[in-house]
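Listed below, chain by chain, are the residues.
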Amino acid sequence: MTHAGNAMGSNRPHEARLARLAEVAVKVGLGLKRGQELVITAPLETVPLARAITEAAYKTGASLVTTFYTDDAATLARFAHAPDEAFDTASGWLYAGMADAYRNGAARLAIAGDDPSLLAGQDPAKVARANRARSKAYVPALELIANFSTNWTIVSAATLPWARTVFPDEPDDVAVAKLWDAIFAASRVDGDDPVAAWEAHNSALRSRTESLNYHRFAALHFKGPGTDLTVGLAVDHEWCGGASTARNGIVCNANIPTEEVFTTPHKSRVDGFVTSTKPLSYQGTLIEGITVKFSEGRIVEANARTGADVLAKVLDTDEGARRLGEVALVPASSAISASGLLFYNTLYDENAASHIALGQAYSKCFRNGGEGMSEDDLAARGANRSLIHIDWMIGSAEVDVDGLTQEGRAVPVMRGGEWID
Ligand code: ZN
Ligand code: ZN
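Now for a look at the structure at hand. (Residues numbered from 1 in each chain as written. Chains lettered and ligands numbered in written order. Predicted model: local features only at pLDDT ≥ 70, side-chain atom pairs only at ≥ 80, totals over all residues. Heavy atoms only, no water.)

1. Side note on the packing of helix α5 (residues 124-146) against helix α9 (residues 308-315)
Following both chains from N to C, one finds α5 and α9 inclined at 30 degrees, their axes separated by 10 Å at the closest point. The interaxial crossing formed by α5 with α9 has right-handed handedness. Across from Pro124, Ala125 and Ala128 in α5, the residues of α9 making contact are Asp309, Val310 and Lys313. The residue makeup of the contact of α5 with α9, split by class, is four nonpolar, no polar and two charged. (Axes fitted to C-alpha atoms, helices over the stretch in contact; angles between N-to-C directions. Helix = DSSP H or I, 4+ residues; strand = E, 2+ residues; numbered from the N terminus. Left-handed = near helix turned anticlockwise from the far one by under 90°. Contact = heavy atoms within 4.5 Å. Nonpolar A, V, L, I, M, F, W, Y, C, P; charged D, E, K, R; others polar.)

2. Topic: the coordination of the zinc ion (ligand 2)
The coordination sphere of the zinc ion (ligand 2) contains the protein donors Glu326 (OE), His389 (NE2), Asp391 (OD) and Asp391 (OD), at a distance range of 2.0 to 2.6 Å. Around the zinc ion (ligand 2), the four donor atoms are arranged such that angles at the metal cover 55 to 144 degrees; this shape is classified as irregular. One chain supplies every donor for the zinc ion (ligand 2), spaced along it as E-x62-H-x1-D. A spacing of 3.4 Å is found between the zinc ion (ligand 2) and the zinc ion (ligand 1), which share Glu326 as a donor. Asp391 gets classed as buried once you look at its relative accessible area, which sits at 9%. (Donors = N, O, S within 2.8 Å, 3.2 Å for Na, K, Ca; no water. Tetrahedral: all angles 85-135°; square planar, octahedral: opposite > 155°, others 65-115°. Buried < 20%, exposed > 50% of the residue type's maximum accessible area, 1.4 Å probe, protein only.)

3. As for the coordination of the zinc ion (ligand 1)
Donor atoms from the polypeptide that coordinate the zinc ion (ligand 1) comprise Glu260 (OE), Glu326 (OE), Glu350 (OE) and His355 (NE2), at 2.0 to 2.4 Å from the metal. Coordination at the zinc ion (ligand 1) comes from four donor atoms whose angles at the metal span 74 to 155 degrees, giving a geometry best classed as irregular. Read in sequence order, the donor residues coordinating the zinc ion (ligand 1) give the pattern E-x65-E-x23-E-x4-H. Note on Glu260: relative accessible area 5%, which makes it buried. In this structure His355 comes out as buried when scored by relative accessible area, which is 0%.

Take a look at the structure:
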């Protein structure tokens, strides 16, 4: 495979760009500290990036890097041959071990590059059972990630199945090269000083969150084609975005790339209807054309043009799966949106458009980072709880956003998908 097609990106050889992405992942994404352990999960096809990150981590002083690889072929073998009663099984021991590692100070890095349609042809009931079992087993580790007990980050790597999905008309090597170009550009590693580029980006995101936190809106109102949605915000909510300080005191960027500012909606104060503006790629299935109706925070009607059966099963995961845990604002002109590509990957597509997430809220998006607030305190302020957290896109150049003050006055926040300054 060649990576010669980087005309639009940079003249640097692929390996050099990979090393720069690895450096950004370790220094900006994780803020890895000397002596810290690191747990990596990665698809088998992303070994070159996993190795580059491992090297960068050791150069930064990591004490031990442990990588767990996932294999699409092994996953398909399970769906083809495992006994039906086995789909409620998950590797609880593995997630318990990861939780143990995070409690003992390990940082966490995930490489995303999965085949977006891997499970599209599989029995939705089996997919749902497997996902549910995995989500449940993952709780001890996920809680520590969701509340930023440790520093963590997600980066992406181009894989052939993902590249084929994004660039279906290109030969394989060109598709992979083009996807890498898009990843390097969105991850801000093509300039002279990627770490400095990230400092500037983080400070721009910080001025957005400071302005929204100054307003302390009671709700946001989204209006566009197929959308008229009021999203009440949680009491004592705080807007987050860009770099954040984990509870271990380490500053990290949880998503590489990231363009969003986000906060916690009130689980009982969401009303109206909303239509998705991009497909949602959920654990191997594409869910397109989602339309849902909310009443008092709860989804009371849900439909989708494709993947409706998977969406229905997702919503039945638990009570919290029908309520929101995140609302995020992203300008329609963001670097990722400007690429004009549909990535079929939430990490990318969620940074191309404003979005909402079903399920678990981030306790970090409260005053003082939710420090000192118990689960009951958070719930009393409107934070949702669920086994799932699934982002889907509701913003576009046709969607306007207003902030509603405590007195009910509308303040324009976005027009035609762009920030109002
Ligand atoms: Zn988000
Ligand atoms: Zn999210």
